[in-house]
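Residue-level listing of the chains:
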There are 2 protein chains.
Amino acid sequence: MDDNWLPALADLAVRGGANVQPGQVVSLSCQPGQERLAREVAHAAYRAGAKYVDVTWHDPFVKRARALHAAEDTLDWAPPWLGERAKHLGRMSAAVVSLSGPVAPGVFDDCDPVRVARDRLPSIPETMALVMESSVNWTVVPCPNPAWAAMVFPDLGADAALTRLAEAIVHVCRLDTDDPVDAWRRRGAELAERAARLSEMPIDALHFVGPGTDLTVGLFPSSRWLGGGEHRRDGLAHLPNIPTEEVFTTPDPARTNGVVSATLPLDLAGTLVEGLRVRFEGGRAVEITADRGVEAMRGRMAADDGAARLGEVALVDGSGRIGPLGITFNDTLLDENAASHIALGAAYPAGVGAEHRAAANVSDIHVDFMIGGPEVVVRAVAPDGTESPLLVRGEFTA
Amino acid sequence: MDDNWLPALADLAVRGGANVQPGQVVSLSCQPGQERLAREVAHAAYRAGAKYVDVTWHDPFVKRARALHAAEDTLDWAPPWLGERAKHLGRMSAAVVSLSGPVAPGVFDDCDPVRVARDRLPSIPETMALVMESSVNWTVVPCPNPAWAAMVFPDLGADAALTRLAEAIVHVCRLDTDDPVDAWRRRGAELAERAARLSEMPIDALHFVGPGTDLTVGLFPSSRWLGGGEHRRDGLAHLPNIPTEEVFTTPDPARTNGVVSATLPLDLAGTLVEGLRVRFEGGRAVEITADRGVEAMRGRMAADDGAARLGEVALVDGSGRIGPLGITFNDTLLDENAASHIALGAAYPAGVGAEHRAAANVSDIHVDFMIGGPEVVVRAVAPDGTESPLLVRGEFTA
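Here the structure is a predicted model, which is why all the values come from computation and not from measurement.

Calculation notes
Residues numbered from 1 in each chain as written. Chains lettered and ligands numbered in written order. Predicted model: local features only at pLDDT ≥ 70, side-chain atom pairs only at ≥ 80, totals over all residues. Heavy atoms only, no water. Helix = DSSP H or I, 4+ residues; strand = E, 2+ residues; numbered from the N terminus. Rg over C-alpha atoms; globule rule 2.2 N^0.38 Å. Buried < 20%, exposed > 50% of the residue type's maximum accessible area, 1.4 Å probe, protein only. Contact = heavy atoms within 4.5 Å. Areas by Shrake-Rupley, 256 points an atom, 1.4 Å probe, with all protein chains shown as cover. Lys, Arg positive; Asp, Glu negative; His and termini not counted. Charge placed at Lys NZ, Arg CZ, Asp CG, Glu CD. Axes fitted to C-alpha atoms, helices over the stretch in contact; angles between N-to-C directions. Parallel < 35°, antiparallel > 145°, perpendicular 65-115°, else oblique. Left-handed = near helix turned anticlockwise from the far one by under 90°. Nonpolar A, V, L, I, M, F, W, Y, C, P; charged D, E, K, R; others polar. Salt bridge = Lys/Arg side-chain N within 4 Å of Asp/Glu carboxyl O. Least-squares fit on C-alpha atoms with pLDDT ≥ 70 in both. Buried area = accessible area lost by both parts, 1.4 Å probe. Domains from an automatic or database assignment. Polar contact = N/O pair within 3.5 Å; in protein donor to acceptor, adjacent residues only side chain to side chain. Pairing = 2+ DSSP bridges. pLDDT = per-residue confidence, 0-100. 1 Å grid on protein atoms, 1.4 Å probe; cavity = no way out; pocket = protein on both sides within 12 Å on 5 of 7 lines; lining within 4 Å. Points joined across faces, edges and corners; volume = space filled by probe spheres on them.

The helix and strand tally for chain A stands at 11 helices and 20 strands. Taking 398 residues into account, the globule formula puts the C-alpha radius of gyration at 21 Å, and chain A, at 20 Å, falls close to it. Across its three principal axes, chain A shows a C-alpha extent of roughly 55 × 50 × 45 Å. The buried share among the 398 residues of chain A stands at 59%. Across chain A, every contact between residues at least 6 apart in sequence was considered, and the portion connecting residues at least 24 apart equals 77%. Per element, the accessible surface of chain A, about 15,000 Å² overall, is 50% carbon and sulfur. Side-chain charges in chain A split into 36 positive and 54 negative, and the spacing between the mean points of these groups amounts to 3 Å.

With that out of the way, let us pick up the packing of helix α4 (residues 80-91) of chain A against helix α4 (residues 80-91) of chain B. Describing two packed helices takes the angle between their axes plus the distance from one axis to the other. Packing of α4(A) against α4(B) brings their axes to within 10 Å, and their N-to-C directions diverge by 160°. On the basis of the axis angle, α4(A) is roughly antiparallel to α4(B). Crossing of α4(A) over α4(B) shows right-handed handedness. Of the residues in α4(B), those touching α4(A) at A:P80, A:W81, A:E84, A:R85, A:H88 and A:L89 are B:P80, B:W81, B:E84, B:R85, B:H88 and B:L89. Across the contact of α4(A) with α4(B), the residue classes tally to 6 nonpolar, 2 polar and 4 charged.

Another aspect to go through is the pattern of salt bridges. Residue and element names in this part refer to chain A. All told, the structure shown has 46 salt bridges over all chains when counted by the stated rule. Here R197 makes a salt bridge to E193, at a shortest N to O gap of 3.5 Å. In this pair, R197 and E193 are both assigned in helix α9 (residues 180-200), 4 residues apart and thus about one turn of the helix distant. Among the residues examined, R197 registers a relative accessible area of 37% and is labelled partly exposed. Taking the shortest distance from any N to any O, the salt bridge between R292 and E274 comes out at 3.6 Å.

Let's shift gears to unusual backbone geometry. With an omega of 10°, the peptide bond running from A:L121 to A:P122 counts as cis. With respect to the helices and strands, A:P122 occurs in the loop between α5 (113-118) and α6 (125-132). At B:N19, a residue that is not glycine, the phi angle is positive and equals roughly 60°. Along the chain, the position of B:N19 falls in the loop between α1 (5-18) and β1 (25-30). Residue classification places B:N19 among the partly exposed positions, given a relative accessible area of 21%. The backbone phi angle of B:R174 is positive, close to 60°, even though this residue is not glycine.

With that out of the way, let us pick up the relation of the copies chain B and chain A. With an RMSD of 0.0 Å, the fit of chain B onto chain A corresponds to turning through 180° and sliding 0.0 Å along the axis. Taken together, the rotation and translation describe the operation of a two-fold axis. The fraction of interface residues of chain B whose copies in chain A are also interface residues reaches 100%, indicating that both copies meet through the same surface.

Residue-level contacts link 35 residues of chain B with 35 residues of chain A. Across the interface of chain B and chain A, roughly 3,400 Å² is buried in total on both sides, 70% from carbon and sulfur atoms. When the buried area of chain B at its contact with chain A is split by residue, B:R39, B:Y46 and B:W81 rank highest and sum to 20% of it. Across the chain B-chain A interface, the total number found is 2 salt bridges. Here the residues of the side of chain B that touches chain A sort into 21 nonpolar, 4 polar and 10 charged.

Moving on: the domain arrangement of chain A. Residue and element names in this part refer to chain A. Taken domain by domain, chain A comprises domain 1 (5-181) and domain 2 (201-226 + 245-396). Contacts between the two partners involve 34 residues from domain 1, matched on the other side by 31 residues from domain 2. Regarding the contact of domain 1 and domain 2, the summed buried area is about 2,400 Å², with carbon and sulfur atoms giving 64% of it. Sorting the residues of domain 1 by area buried against domain 2 places R120, M132 and V172 first, and these three jointly supply 24% of that buried surface. Between D109 and R292 there is a salt bridge whose closest N-O contact spans 3.7 Å. Where domain 1 packs against domain 2, one counts 6 residue pairs in polar contact (both at pLDDT 80 or more). Taken together, the elements giving at least two residues each to the side of domain 1 that touches domain 2 come down to α5, α6, β4 (137-142), α7 (146-152) and α8 (158-172). Residue classes in the side of domain 1 that touches domain 2 are distributed as 23 nonpolar, 6 polar and 5 charged.

Turning our attention to the sheet that holds strand β15 (residues 310-316) of chain B. Residues and elements named next belong to chain B. Reading across from one edge, β9-β15-β16-β17 is the order of the 4 strands in this open sheet, with antiparallel pairing throughout. At either margin of the open sheet sits one strand with a lone partner, and together these are β9 (246-249) and β17 (366-370). With strand direction ignored, the average angle separating the axes of adjacent strands in the sheet is 25°. Relative to strand β16 (residues 341-345), β15 runs antiparallel, the two being bridged by 4 bridges. Residue pairing across strands places V313 opposite I342, the latter belonging to β16.

The next thing to look at is the sheet that holds strand β3 (residues 95-100) of chain B. Residue and element names in this part refer to chain B. Reading across the sheet, the 4 strands line up as β2-β1-β3-β4 and stay open at both edges, with parallel pairing between neighbours. In this open sheet, the two edge strands, each paired with only one partner strand, are β2 (52-57) and β4 (137-142). Ignoring strand direction, the axes of neighbouring strands in this sheet form an average angle of 15°. Summarising the sheet, β3 and β4 pair through 6 bridges and their orientation is parallel. Bridge pairing in β4 places V96 opposite W138.

The subject of this paragraph is the environment of B:E133. Secondary-structure assignment places B:E133 in the loop between α6 (125-132) and β4. Taking the C-alpha atoms as reference points, B:E133 and B:A350, separated by 217 residues in sequence, lie 9.0 Å from one another.

Here we come to the confidence of the model for chain A. Taken as a whole, chain A shows an average pLDDT of 95; of its residues, 100% reach a score of 70 or greater. Two numbers describe this predicted complex: its pTM, 0.94, and its ipTM, 0.93.

So, about empty space enclosed by the protein. Residue and element names in this part refer to chain A. Overall, the coordinates contain 3 cavities of 30 Å³ or more when judged by the stated rule. Each pocket or cavity is described by its volume, and for the second largest cavity that value is around 80 Å³. K63, V116, A117, D119, R120, L268, A269, T271, A296 and R300 are the residues that line the second largest cavity. Here the lining of the second largest cavity spans two domains, and each of domain 1 (5-181) and domain 2 (201-226 + 245-396) adds at least three residues to it.

Residue and element names in this part refer to chain B. If you trace the backbone, F153 turns up in the loop between α7 (146-152) and α8 (158-172). C-alpha of F153 to C-alpha of R164: the two residues are 11 residues apart in sequence and 8.0 Å apart in space. Beyond its immediate sequence surroundings of up to four residues, F153 is in contact with A161, R164, L165 and I327.

Have a look at this one:
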């Protein structure tokens, strides 16, 4: 497999994802190990007319040094200039491109997980606000690297594993189509149509039932389904995730009840969380267990009042390209588009009508985890309490 | 050669160089290709009690993308958050560690040199001010990488070249001594003693004479010689360069006259400048030529009024460890400590008495270039105009 897909993915990120405009400043977030794609994104962005590409690198190995040695009471300190930079990006209506994919799996395995969880960087509230306030045109795309490939395909040699991962990413990003930007325009239209149909249905709540899961997620009367693209507050279209196969909405943060078991692991900035189980009462997560990485999850959920309540519920059917591969990527961007999921933390304001916007969940975190799969049925609960199947064995019933 | 020298160099940078204090924020500037030393510096800094290590990565390949594609009128734009970050570092009296050594020699060879020169990043005035105002305790240390090794030792294979470069750096950084921090304390004392002796001499000007060089650099009556370490404005000692073998002072920016030929190439953020010749009149560089890279040099010198005048003159004798190796490193940190040199641009205020401080050179740039060597004689010019030999064949005469 040659490397022509790298510039193609970069071009897709810039034109089909963030939709970089001439004269824009572009923030590019990446990690050591992602240099080649980062440089291609820089080329593509400048070719698209970017004024400046500001690359920030987050190194998990430096974060590990902090987790091992820094004084306890300093671990949640974040430099003020990171927030100031984010505010600049918002004021200048910048473009934001982030590269996804774990570069250092297991890097925190020899650290105290409670200490690791106290350092939430590179996540900061000001960056979350850029997304939630739709002040930037942003996208996230996956970037293969050898360490990630070895985690996904442990039985293959290094070269074969990287090739397999790259092939999978080419496929799910639709780089094997004649015109990937157009392919995503068309896929986006399909998802937007699905979202519109769901928004017209009188759904008071979603009821997830499957192995270890019996969860009801209450919606607002004005909850709107979204998918296939978003708009910056001034109307500029962008595709926040490539790939994206989901439709999603903003739930009522007071009306989630029951138990849920994650159907896929999630990577929390270097810590893998596996076998996650959460019990909700009155919207709040009151009990969290996991086979691995529970402290990282608890750390996130202790961030603020809204961090233990839902800000998003998303449905993924079997028509996408990720689920059918049957690959667990251990990367939320890909795995969340293979299976229905929920997110703790910040709600997208656009997912709810103005009359309920003030009641949508507010938080500095937004952590998705996957709860759907072939064995999980999703039922729509009507305002009168009657339930009807909505998503069964990967197919929408309506 | 094993890699034990990496943590030793990191520890030297943190304790012997920047002198990181408990509770300090540490800014660490590096480039892709320097990950291993960067991570060791982070470990060493946190072990020394750092509150937070903020790593910034500058990627010359991303800068190349800008030079190739960005609109002409945007090339000198710099993000405001870089300057704000620098001001924060000054206000909090942070520590600053930078890793030196070209990671991408020739990266701009296929770019328009005039366009490359217009983008001065990662250099910004606010970072220069931190140094000139002594508001941070800082150091620069060399970091070997394969691309640099191949440039320095083009006739060796990749592994052998890297080993040779690492061995040279271990030697010149005195990591082969029992206690490198103490070795630098002692070497610093020697340089400080030499500087004190020079400060007591009635030197009105320095006269450099050698092949292609006949240059007189006028000093202030209150010019002070420095070397072997500096102090933050609150008195905290630090060693700005490891290695350092120089003594230096602040010249009168109006009193340099004659011609000078660089005796070593210099790497200007990725552009190699070779065969540089400069003619000065009344302190100002009025004619600049070079065999290679002249546009990069002219670009720097066009930065502002002070960029074409001298801010530093430095003498290096043969008692250091770099010159005797006979290696051209193509890295200013090392090469400037092999040979006497001058710098265009900003003057160190500490190098001149308060009565002349306002007349010292001011600029947003500071570019050293090497003008000394075995064939160049340095004479001291007394206030009455008489000349006496000061540095001949690498030895001070007094």
